[in-house]
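This is what each chain is made of:
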Amino acid sequence: MSEPEAGRAPGRARVERDVRRLVRDEIQALSAYHVQPAAGLIKLDAMENPYPWPAALREDWLARLREAPLHRYPDPTAAALQARLRADWALPPGVELLLGNGSDELIQLLVMALARRGARAVIPEPTFVMYRQLAQSVGLACEAVPLRADFSIDLPAMLTAMERHRPAVVFLAQPNNPTGQLLAPEALARLVDAAPGLVVVDEAYAPFADFTALPWLAERDNLIVLRTFSKLGLAGLRLGVLAAPAGWQAALEKIRLPYNVGVLTQLTMMHVLDHPDVLADQAAAIRAERARLQSALADLPGVEVWQSQANFLLFRVPDGATLVHRLLREAGILIKCLHGAHPLLADCLRVTVGTPAENASFLRGLRAALAAAPGSL
Ligand SMILES: *Cc1c(COP(=O)(O)O)cnc(C)c1O
């Protein structure tokens, strides 16, 4: 019998036995998504927008919240919000939306719907970890195609994997997390056209990229586009959007929980969409800051940094990424260590683009950490 972990109540024998006996094997094999403690640290680990709202926007929002009918269930389909998004994104006719508690929930709905016996998902790797996690949790087999060493998608290998596994779904984060790279539109089109099933293009970072597949929904029947407001500045709110050719929404609607997007989320989103410039200006500031941060990283001796179309940068240190990560944390700066997450990510770290002041602190901390880490000498 194993020792209870620190901070956990000692296991009760019957509970432990029953968990092993009753919980599905594929769930016992998983580990829960780990979030690093961040209290008191400059938080550059989770692709959040570092800028708060202007005071006026906040005050108007609070006034609207006062009227929020919290004693009533929310509008189950968030019809007003859907109409607003359709208009803002100029969605072509024949496209339907489904809203979720973050896009994570929409990924979960997709894999739940597609996990027929023997069905498979194909993903490039490294990519967003929730595709594999959620697929496995519902028993949908997940086949990974490694990215190339420069983190570009291996198009021939993807085509071969689709031919071999005939996947029900291919997940492609565009741009990809944690690499920041975008697949060229021609290559993406080839993948969508060759896919025997669905291709889900996850555009979590679209506000920071020069591409969207949304207009493609007009003419492609096996394409689904995911959006989220998390990386744009509303990570705490939880709103994800799935856009799909008519027909898919009805199938997924059967497993969506009826009130998955709450009153406060719907109301707050309407308020934000009434002031589109606020988040758009913040995204533009983040993009400009990304360019500055990237060239500063590229100037550090021995550091390799990749082009990014997202609000984060992936970089590699000469050696000892785990140590560099720890030294940074001790200096009050939290980023993400990817060393060990995938063989291609050896000595890689990921930093979210923060405010100019946060980025300056990060660069100062990184220089000091590199000087202290053994491999940099
Ligand atoms: C962060 C992220 C998400 C999840 O976003 P939520 O809407 O906050 O659940 C989805 N896809 C990718 C690629 C991400 O990086």
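Counting restarts for each chain, with residues numbered from 1 along the sequence as it is written. Where local features are concerned, this predicted model is filtered to residues with pLDDT of at least 70; where side-chain atom pairs are given and counted, the filter is 80 or more; whole-chain, interface and lining totals use all residues. Just so you know, side-chain values use all the structure's heavy atoms and leave hydrogens and water out.

Visitor: So what's going on with the environment of Val261? Which residues, and what values?
Guide: Positionally, Val261 belongs in the loop between helix 10 (248–253) and helix 11 (263–273). Think of it in three bands: residues with accessible area under 20% of the maximum for their type are buried, residues over 50% are exposed, and the middle band is partly exposed, with areas taken using a 1.4 Å probe on protein chains only. Owing to a relative accessible area of 5%, Val261 belongs among the buried residues under this scheme. Residues Val261 and Gly100, 161 residues apart in the sequence, show an inter-C-alpha distance of 6.2 Å. Contact between two residues is taken to exist if any of their heavy atoms lie within 4.5 Å; hydrogens are not considered. Apart from the residues lying within four places of it in its own chain, the contact partners of Val261 are Pro74, Leu99, Gly100, Asn101, Leu239 and Gln266. Under the DSSP-based scheme used, a helix requires at least four consecutive residues in state H or I and a strand at least two consecutive residues in state E, with every element numbered from the N terminus.

Visitor: Pulling in residues and values, what's your account of the sheet that holds strand 10 (residues 312–316)?
Guide: The pairing criterion is simple: DSSP has to find at least two bridges between the two strands. Strand order across the open sheet formed by four strands is 9-10-13-12, with antiparallel pairing between neighbours. Every interior strand has two partners, whereas the edge strands, strand 9 (304–305) and strand 12 (336–337), have only one.

Visitor: Describe the sheet that holds strand 6 (residues 198–202), listing the residues and the values that go with them.
Guide: Overall, mixed pairing links the seven strands, which are arranged 2-8-7-6-5-3-4 in an open sheet. Of all strands in the sheet, those with a lone pairing partner are strand 2 (95–100) and strand 4 (141–146), marking the two edges. This sheet shows a mean twist of 20 degrees between the axes of neighbouring strands, independent of strand direction. Each axis is a line fitted through C-alpha atoms, taken for helices only over the stretch in contact, and angles between the N-to-C directions span 0 to 180 degrees. Helix 4 (residues 79–88) contacts strand 2 and strand 8 (240–245) of the sheet and is inclined by roughly 125 degrees relative to strand 2.

Visitor: For the packing of helix 4 against helix 11, give the residues involved together with the corresponding values.
Guide: Orientation of helix 4 relative to helix 11, taken along the N-to-C sense of each, is 30 degrees, at an axis distance of 10 Å. Relative to helix 11, the element helix 4 is oriented roughly parallel. Crossing hand, helix 4 versus helix 11: left-handed. In this structure, helix 4 uses Ala80, Leu81, Arg84, Leu85 and Asp88 to contact helix 11, whose residues at the interface are Gln266, Met269, Met270 and Leu273. Only Asp, Glu, Lys and Arg are considered charged, only Ala, Val, Leu, Ile, Met, Phe, Trp, Tyr, Cys and Pro nonpolar, and every remaining residue, Gly among them, polar. Residues of the contact of helix 4 with helix 11, tallied by class, amount to six nonpolar, one polar and two charged. Roughly parallel means an angle under 35 degrees; roughly antiparallel means over 145; roughly perpendicular covers 65 to 115; every other angle is labelled oblique. By the definition used in this description, the sense in which the near helix is turned from the far one sets the handedness, with an anticlockwise turn below a right angle giving left-handed and a clockwise turn giving right-handed.

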